[in-house]
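# Understanding the architecture of this molecule
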Amino acid sequence: MIKIQIPATSANLGAGFDALGLALSYYNYVEIEEADGIYIESLDGTPVPTDSSNLVYDTAHILYDICGKKLDGLRIRQINNIPMARGLGSSSACIIAGLVGANQLLGEPMSLDELVNLSAQIEGHPDNTAPALLGGIVTAVFDGKCVHWVKQEVYTTLKFVVVVPDFELKTEKARACLPKEISHKDAVYNLSRAALFSASLLTGKYENLRTAVHDRLHQPYRMELIPHGRDVFDTAYSLGAYAAYLSGAGPSLMAIVDADNEYFCGKMRFALDKMGLSAWEVHELHIDNIGTRIIN
Ligand code: HSE
């Protein structure tokens, strides 16, 4: 039985739409082994498909097919801590689990680069799949076939405090509300900020992050789909966050907070309760520099 730990991810990081993402200390776990049929269990009670439509199974099957190996079935046990359809890379975690699990079962026929490419081909964008596999902050360009990527480890005590709404927002819906075209001026607005984000995070110039997370490609449109989203951003800034942005396609909202800002989470919890948002969750996370790992 192979046991895999896969981190949550936060994609886009404000202006880096479809290009930037980082891995976070919040994990799904998957156990996988070959079997004579499909046996899928959710150990934490999260409802998951238990037939061949299960994303971990389906993805593992793809890798077997590509390698020309027959798959009779798999036994899969999942612990899904990463909430689904919340902008924290839950689908990518399943895809990576299926690929890494199948690759291990077959004796690692696929290289790391091939896994990065294949996961992006399956998911459609690399900014969740690549950091889920690689860890750290990943800059990625997907040309439709290959991902051209750089992973950088981030040594920081910054907290990534995520506010998770009590409703789902499917990526398809969150992409459907985006404009088909943008102006040259807005393109410059975004690309300059995306570049500023990575450089500032990696060099510790955290005072730049507030400017760096602004964008004109997706957040202004998607925030319309998230009632109270702007109030959460305002609260995060009033509590001293360096920056607040929409995680991935949303609806989760991320605040980047100094380690010395000791009571940020408690204060955010209190503010959410006052807003009538007691069902929204708050989690304090950190950057995971390792990515997906096989555990004992
Ligand atoms: N970059 C993607 C988006 C992330 O924002 O739609 C979700 O896959």
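Residues numbered from 1 in each chain as written. Predicted model: local features only at pLDDT ≥ 70, side-chain atom pairs only at ≥ 80, totals over all residues. Heavy atoms only, no water.

## Focus on the pattern of salt bridges
Worth spelling out the cut-off: For salt bridges, the criterion is a side-chain nitrogen of Lys or Arg within 4 Å of an Asp or Glu carboxyl oxygen. The buried label applies to any residue whose accessible area, calculated with a 1.4 Å probe on protein chains only, is under 20% of its type's maximum; exposed applies above 50%, and partly exposed to all values in between.
In the structure shown here, the tally under the stated rule is 12 salt bridges. Salt-bridge contacts for Lys151 lead to Glu153; the nearest nitrogen and oxygen are separated by 3.9 Å. Between Glu224 and Arg230 there is a salt bridge whose closest N-O contact spans 3.4 Å. Glu224 sits in the exposed class, given a relative accessible area of 61%. Ionic contacts of the salt-bridge type, sharing partners, join the residues Glu31, Glu41 and Arg77 into one network.

## Quick look at the domain arrangement of the chain
The criterion, for reference: A domain assignment, automatic or from a database, supplies the domain bounds used here. By the convention used here, residues are in contact when the closest approach between their heavy atoms is within 4.5 Å. The quantity reported as buried area is the accessible area (1.4 Å probe) lost by two parts once they are put together, taken as the sum for both. Whenever two N or O atoms come within 3.5 Å, that pair is a polar contact, provided that in protein one can donate a hydrogen and the other can accept it, and provided that, for residues adjacent in sequence, both atoms are side-chain atoms. A helix here means a DSSP run of H or I that spans at least four residues, while a strand means a run of E at least two residues long, and both kinds are numbered starting from the N terminus. In this classification, Asp, Glu, Lys and Arg are treated as charged, Ala, Val, Leu, Ile, Met, Phe, Trp, Tyr, Cys and Pro as nonpolar, and every other residue, Gly included, as polar.
Segmenting the chain into domains produces domain 1 (2-153) and domain 2 (159-285). Each of domain 1 and domain 2 has a C-alpha centre, and these two points are 24 Å apart. Taken together, the 26 residues of domain 1 in the interface contact 39 residues of domain 2. Buried area between domain 1 and domain 2, both sides added, is near 2,200 Å², and the carbon and sulfur share of it is 63%. Considering only the side of domain 1, the residues that lose the most area to domain 2 are Ala15, Phe17 and Arg86, jointly responsible for 28% of the buried surface there. Linking domain 1 to domain 2 there are two salt bridges. A salt bridge links Glu168 to Arg86; the shortest N-O distance between them is 4.0 Å. Along the contact surface separating domain 1 from domain 2 lie 15 residue pairs in polar contact (both at pLDDT 80 or more). Of all the secondary-structure elements, those providing two or more residues to the side of domain 1 that touches domain 2 are β1 (2-11), β2 (20-34) and β5 (137-142). The residue makeup of the side of domain 1 that touches domain 2, split by class, is 13 nonpolar, 10 polar and three charged.

## Thoughts on the site of the ligand
Basically, it comes down to this: Note on definitions. A residue lies near a molecule or strand when any single heavy atom of the residue is within 4 Å of it. Each accessible area is a Shrake-Rupley result for a 1.4 Å probe, and residues are judged covered by the shown protein chains and nothing else.
All residues in the neighbourhood of the ligand are listed as Asn12, Phe17, Asp18, Glu123, His125, Asp127, Asn128, Thr171, Arg175, Arg222 and Ala249. Within the side chain of Asn12, a nitrogen or oxygen atom sits 2.8 Å from an oxygen atom of the ligand. One of the side-chain nitrogen or oxygen atoms of His125 is found 3.2 Å away from an oxygen atom of the ligand. In the complex, the protein chains occlude 99% of the 260 Å² of accessible area that the ligand would expose alone. For the shell around the ligand, the secondary-structure elements that each account for two or more residues are α4 (126-134) and α5 (171-176).

## Quick look at the pairing of strand β3 (residues 39-42)
Put simply, the rule reads: Two strands qualify as a pair provided DSSP detects at least 2 bridges between them. Handedness is read with the strands pointing away from the viewer; a crossover is right-handed when the path from the first strand over the helix to the second is clockwise.
As defined by bridge partners, β3 adjoins strand β4 (residues 74-80) across four bridges and the pair is classed as parallel. Considered in β4, the bridge of Tyr39 is made with Arg75. In this region the chain leaves β3, passes through helix α1 (residues 55-66) and returns to the parallel neighbour β4; the handedness of that crossover is left-handed.

## Examining the packing of helix α2 (residues 90-105) against helix α3 (residues 112-123)
Let me state the cut-off plainly: Structural elements are reduced to axes, namely lines fitted to C-alpha atoms, with helices fitted over the stretch in contact, and the angle between N-to-C directions of any two is expressed from 0 to 180 degrees. Angles are sorted into four bins: roughly parallel if under 35 degrees, roughly antiparallel if over 145, roughly perpendicular if 65 to 115, and oblique for all others. For any pair of crossing helices, the crossing counts as left-handed if the nearer helix is rotated counterclockwise from the farther one by less than a right angle, and right-handed if it is rotated clockwise.
Where α2 contacts α3, the two axes come as close as 10 Å, and the packing angle between them is 140 degrees. Classified by the angle their axes make, α2 and α3 are oblique. Every pair of crossing elements has a handedness; the one defined by α2 and α3 is right-handed. Where α2 approaches α3, its residues Ser92, Ile95, Ile96, Leu99, Val100 and Asn103 are matched on the opposing element by Leu115, Leu118, Ser119, Ile122 and Glu123. By residue class, the composition of the contact of α2 with α3 is seven nonpolar, three polar and one charged.

## Here's the deal with the packing of aromatic side chains
Stated precisely, the cut-off is as follows: Paired rings are identified among Phe, Tyr and Trp, the last through its six-membered ring, by centres lying within 6.5 Å, and are further divided according to the angle between planes into stacked (under 30 degrees), edge-to-face (over 60) and tilted (the rest). In our convention, an over-ring charge means Lys NZ or Arg CZ found within 6 Å of a ring centre and within 35 degrees of that ring's normal.
Inspection of the entire model under this criterion finds three aromatic pairs. Ring geometry for Tyr27 and Tyr29: centres 6.5 Å apart, planes at 50 degrees, overall tilted. Residue Tyr29 is classed as partly exposed on the basis of its relative accessible area of 27%. Over the aromatic face of Tyr39 sits the side chain of Arg75, whose NZ or CZ is 4.7 Å from the ring centroid. The cationic tip of Arg210 hangs over the ring face of Tyr237; the distance from NZ or CZ to the ring centre is 3.7 Å.

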